[in-house]
Amino acid sequence: MFDSNKKIENRQLVIVYNDETEKIANYLYNKLYGTTIKCVLWSTKDYKKNVPIMMNTNKILVYDEDLIEELFPYPEKENITNLNCGAKFIRQGPRAGFVVDKSFLHNKFMQVRYSKKKWKLTLDSFLLFPFYLEFIKFRKNKMKSLLKVATDEILVHLLFDFIEGEKSTDC
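This structure is a prediction, so every number in the text was calculated from the model and none was measured.

**A word on the side chain of D64**
Then, in step 1: As for its position among the elements, D64 is in the loop between β3 (59–63) and α4 (65–71).
Then, in step 2: With no salt bridge to any partner, buried D64 finds its closest opposite charge in K48, at an N-O distance of 6.9 Å.
Then, in step 3: A polar side-chain atom of D64 sits 2.5 Å from a polar atom in the side chain of T44.
Then, in step 4: Among all residues touching D64, those that are not within four sequence positions of it are V16, N18 and T44.

**Topic: the nonpolar core**
Then, in step 1: L13, L61, Y63, L83, F89, F98 and L159 are the most contacted members of the largest nonpolar core, which totals 27 residues.
Then, in step 2: The leading source of residues in this core is helix α6 (residues 125–157), at six residues.
Then, in step 3: Look past the residues within four positions of Y63 in its chain and what remains in contact with it is I15, V16, Y17, N18, T21, I24, A25, L28, F98, L147 and T151.
Then, in step 4: Grouped together as the second largest cluster of nonpolar side chains are 12 residues, V14, M54, L67 and L71 included.

**Some thoughts on the sheet that holds strand β4 (residues 79–82)**
Then, in step 1: On the basis of which strands lie adjacent, the open sheet formed by six strands has the order β2-β1-β3-β6-β5-β4 and mixed pairing. Both outer strands of the open sheet, β2 (38–43) and β4, are each paired with one neighbouring strand and no more. When strand polarity is set aside, the average angle formed by the axes of neighbouring strands in this sheet is 20°.

**Some remarks on the packing of aromatic side chains**
Working definition: an aromatic ring pair is given by the centre-to-centre distance plus the angle between the planes.
Then, in step 1: For the structure shown, the criterion picks out three aromatic pairs.
Then, in step 2: Ring geometry for F89 and F98: centres 5.6 Å apart, planes at 50°, overall tilted.
Then, in step 3: On the basis of relative accessible area, F89 is assigned to the buried category, the value being 0%.
Then, in step 4: On the basis of relative accessible area, F98 is assigned to the buried category, the value being 2%.
Then, in step 5: Seen from their ring centres, F89 and F162 are 6.1 Å apart, and the 90° between their planes marks the pair as edge-to-face. Of this pair, F89 sits in strand β5 (residues 87–92) while F162 sits in helix α7 (residues 159–164), and the two are 73 residues apart along the sequence.
Then, in step 6: The buried category is assigned to F162, whose relative accessible area is 0%.
Then, in step 7: The ring of F162 has K59 sitting right over it, with the charged end atom 5.3 Å from the ring centre.

**Notes on the pattern of salt bridges**
Then, in step 1: Using the criterion set out here, one finds two salt bridges in the structure.
Then, in step 2: Among the ionic pairs, K48 bridges to E70, the shortest N-O distance being 3.2 Å. With K48 in helix α3 (residues 44–50) and E70 in helix α4, this pair connects stretches of sequence that are 22 residues apart.
Then, in step 3: The partner of K148 in a salt bridge is D152, and the shortest N-O contact between them spans 2.7 Å. Taken as a pair, K148 and D152 lie in helix α6 at a separation of four residues, close to a single helical turn.
Then, in step 4: Relative accessible area serves as the criterion here: at 35%, K148 is assigned to the partly exposed category.

**Focus on helix α2 (residues 22–31)**
Then, in step 1: Within α2 the residues assigned to the buried category are I24, A25 and L28. Summarising the axial view, the buried residues of α2 lie within an arc of 105°, below the 170-degree limit, and thus occupy one face. Residues of α2 that are exposed and angled more than 90 degrees away from the buried face: K23 and N30.

**Notes on the layout of surface pockets**
Then, in step 1: Estimated volume of the largest pocket: approximately 260 Å³.
Then, in step 2: Taken together, 12 residues form the lining of the largest pocket, with E20, K140, M143, K144 and L147 sitting closest to its centre.
Then, in step 3: Put simply, the parts of the chain that give the lining of the largest pocket at least two residues each are α2 and α6.
Then, in step 4: Among the residues making up the lining of the largest pocket, the classes are represented as five nonpolar, one polar and six charged.

Procedures and definitions
- Residues numbered from 1 in each chain as written.
- Predicted model: local features only at pLDDT ≥ 70, side-chain atom pairs only at ≥ 80, totals over all residues.
- Heavy atoms only, no water.
- Helix = DSSP H or I, 4+ residues; strand = E, 2+ residues; numbered from the N terminus.
- Buried < 20%, exposed > 50% of the residue type's maximum accessible area, 1.4 Å probe, protein only.
- Lys, Arg positive; Asp, Glu negative; His and termini not counted.
- Salt bridge = Lys/Arg side-chain N within 4 Å of Asp/Glu carboxyl O.
- Polar contact = N/O pair within 3.5 Å; in protein donor to acceptor, adjacent residues only side chain to side chain.
- Contact = heavy atoms within 4.5 Å.
- Core = buried A, V, L, I, M, F, W, Y, C linked by side-chain atoms within 4.5 Å.
- Pairing = 2+ DSSP bridges.
- Axes fitted to C-alpha atoms, helices over the stretch in contact; angles between N-to-C directions.
- Phe/Tyr/Trp six-rings, centres within 6.5 Å; stacked < 30°, edge-to-face > 60°.
- Lys NZ or Arg CZ within 6 Å of the ring centre and 35° of its normal.
- Arc of directions from axis to C-beta.
- 1 Å grid on protein atoms, 1.4 Å probe; cavity = no way out; pocket = protein on both sides within 12 Å on 5 of 7 lines; lining within 4 Å.
- Points joined across faces, edges and corners; volume = space filled by probe spheres on them.
- Nonpolar A, V, L, I, M, F, W, Y, C, P; charged D, E, K, R; others polar.

Given below as structure tokens:
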């Protein structure tokens, strides 16, 4: 006889992070405490070391864009869910990850920059490098907040479907 609780008991999730995303990985880990999902946190280095012994039934959620590029070399061909916050949730089989939309970040940066400084950007070579450094700092700070919002969004809509293997749809 089919035991409906059997599927729930076997749900496992590996959360992979890098130095920049460790905090958000811990946030998700703590949010899943007390749920039916068993999870473990691995750095990217730990993940790469354990790949040969992993089974394809382990669900993997990646918070490392470089690793996502390796795991999903053709993201346009994957199951992509556009999240409301400017991030994308990419899935392929037992693997999933977050990618922040670069054009979304650039547009936000320009809105903030123009609203604060109220001056026209010139592409003068003297201004280009400081502009780039300012954008890099903005991107790093904004990505942290976007990943938190994206994590909250998938907790509501997509994470349990991903672990159960159900097809996702846009939020």
